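Now for the letters of each chain:
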Amino acid sequence: MSHNSFGHLFRLTTWGESHGPAIGCVIDGCPPGITFRVGNDIQSFLDKRRPGQSRFVTQRRELDLVKVLSGTLESNDGTHTTTGTPIALHIDNTDQRSKDYGNIAQSFRPDHADYTYFKKYGLRDHRGGGRSSARETACRVAGGAIARRVIEHLSPGARIRGALVQIGTRKIPAAQWGGNWSSDHINDNDFFCPDVDTAKAWTEDLDRVRKAGSSVGAAIEIIADNIPAGLGAPIYGKLDSDLASAMMSINAVKAVEIGDGMAVAELSGEANADEIRSGPNGQPQFLSNHAGGILGGISSGQSIICRFAVKPTSSILTPRRTIDETGADTEIITKGRHDPCVGIRAVPVGEAMMALVLADHLLRHRGQTGR
Ligand SMILES: Cc1cc2nc3c(=O)[nH]c(=O)nc-3n(C[C@H](O)[C@H](O)[C@H](O)COP(=O)(O)O)c2cc1C
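About the cut-offs
- Residues numbered from 1 in each chain as written.
- Predicted model: local features only at pLDDT ≥ 70, side-chain atom pairs only at ≥ 80, totals over all residues.
- Heavy atoms only, no water.
- Near = heavy atom within 4 Å.
- Polar contact = N/O pair within 3.5 Å; in protein donor to acceptor, adjacent residues only side chain to side chain.
- Areas by Shrake-Rupley, 256 points an atom, 1.4 Å probe, with all protein chains shown as cover.
- Nonpolar A, V, L, I, M, F, W, Y, C, P; charged D, E, K, R; others polar.
- Pairing = 2+ DSSP bridges.
- Helix = DSSP H or I, 4+ residues; strand = E, 2+ residues; numbered from the N terminus.
- Contact = heavy atoms within 4.5 Å.
- Axes fitted to C-alpha atoms, helices over the stretch in contact; angles between N-to-C directions.
- Core = buried A, V, L, I, M, F, W, Y, C linked by side-chain atoms within 4.5 Å.
- Buried < 20%, exposed > 50% of the residue type's maximum accessible area, 1.4 Å probe, protein only.

Enquirer: Can you tell me about the site of the ligand, naming the residues and giving the values?
Expert: Neighbouring the ligand are 16 residues; Ser132, Ala252, Lys311, Ser315 and His338 lie closest to it. Lys311 places a side-chain nitrogen or oxygen 2.6 Å from an oxygen atom of the ligand. Relative to its unbound accessible surface of 630 Å², the ligand loses 87% to contact with the protein. Of the residues belonging to the shell around the ligand, the class tally is 6 nonpolar, 7 polar and 3 charged.

Enquirer: Kindly report on the sheet that holds strand S5 (residues 66–70), identifying the contributing residues and their values.
Expert: The sheet built from 5 strands is open, its strands ordered S1-S2-S3-S8-S5 with antiparallel pairing. Each end of this open sheet is capped by a strand with a single partner; those strands are strand S1 (5–6) and S5. In this sheet, strand S8 (residues 87–92) lies alongside strand S3 (residues 22–28) in antiparallel orientation, the contact comprising 6 bridges. From the neighbouring strand, Ile27 faces S8, where its bridge partner is Ile87. Against the sheet, helix H1 (residues 38–49) touches S5 and S8, its axis set at about 125° to S5.

Enquirer: So what's going on with the nonpolar core? Residues and values would help.
Expert: Grouped together as the largest cluster of nonpolar side chains are 77 residues, with contacts concentrated most on Phe10, Phe191, Met354 and Leu358. Top element by residues in this core is helix H7 (residues 343–369). It accounts for 14 residues. What Phe10 contacts, discounting residues up to four positions off in sequence, is Ile27, Asp28, Gly29, Cys30, Gly143, Ile146, Ala147, Val150, Leu356, Ala359, Asp360 and Leu363.

Enquirer: Provide a residue-level description of the sheet that holds strand S6 (residues 72–74), including the pertinent values.
Expert: Read across the sheet, 3 strands follow the order S4-S7-S6 without closing on themselves; strand pairing throughout is antiparallel. Because the sheet does not close on itself, it has two edges, and the strands there are strand S4 (35–37) and S6. Neighbour-to-neighbour, the strand axes of this sheet turn through a mean angle of 30°, independent of strand direction. Pairing geometry for S4 and strand S7 (residues 79–82), over 3 bridges, is antiparallel. Following the sheet pairing, Arg37 is matched in S7 by Thr79. Contacts from H1 reach S4 and S7, with the element oriented near 70° to S4.

Dropping the structure here:
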């Protein structure tokens, strides 16, 4: 059992290592007749996750150019139409530097996956962490881009957006949380930050962290708007449990919240009740959204709101105590090119995971109810 696949009807399988010749994914279960163009519909999302775009992310230079190998018919103008057969996507690794990882060949980076991979498999690919490297998340972004096209087809008007809402102790002010923040600014800065002033403060914060060779944690918020009511299945196919699993599967994620998340522990029943009134056109109107758009594991038609926290990058320049493969005490410094805050590039990855879960659930809902 290796578990490199994710989803039920819309199923993503990823393959490849950080320092192999290429990485890629296979999407099985994509309906026929979905159209996309590589540049606009896939590459644009990969470009958001791509390394080397600012001084605040890893300086590894990967173009992450995606090729479609199967599962579509391509017309002369470059439009791909899915045929219903498996879609294979391929991305070359063009900037591996295995020598950067020489010092971790025998020793385990504290807080990385080195020790646990070694204990599980008896060997490990120390060059960039192999399969534990977040390089794999490029495949999720590519698959998530196709998932977005499926969502647009089955649920016109649906929109998925994500933002970084916290770096270290500095958070986006509370008034700007949960859908109130302005999407206009997200792509204006190096952080996918929805608030101009916070982005300026993060620039100074992260410059300090970067120059010190250290790292810092972060929180990301992903929102899906205009998603129909009814997605998700009781009991073991709840939309929130699938979302939590999807987000938790992203490298470095240590906590996932839906709606008010951990803050519900402080609320009364009155404060937490998302009261309902009869709205325009006979549609129900919810007066708040503490539930994050999911009730009983099923989408309510409100915005689906999910947050997750990522830990500080474990690869840092400050010496840390560890052991080597013989069990002897040693110290380690991780050289090479690393993200000082992995939260930045986790934003497009979180959006992709939201898209993959929703595309899968739209198809599952249709499969069961015919709607
Ligand atoms: C977008 C992204 C980029 C990352 N970049 C790095 C990195 O440059 N160096 C590093 O040590 N970890 C990086 N990580 C985190 C590691 O992949 C992760 O900590 C490691 O696989 C261990 O898994 P765990 O933290 O989920 O337990 C990154 C994570 C994400 C989501």
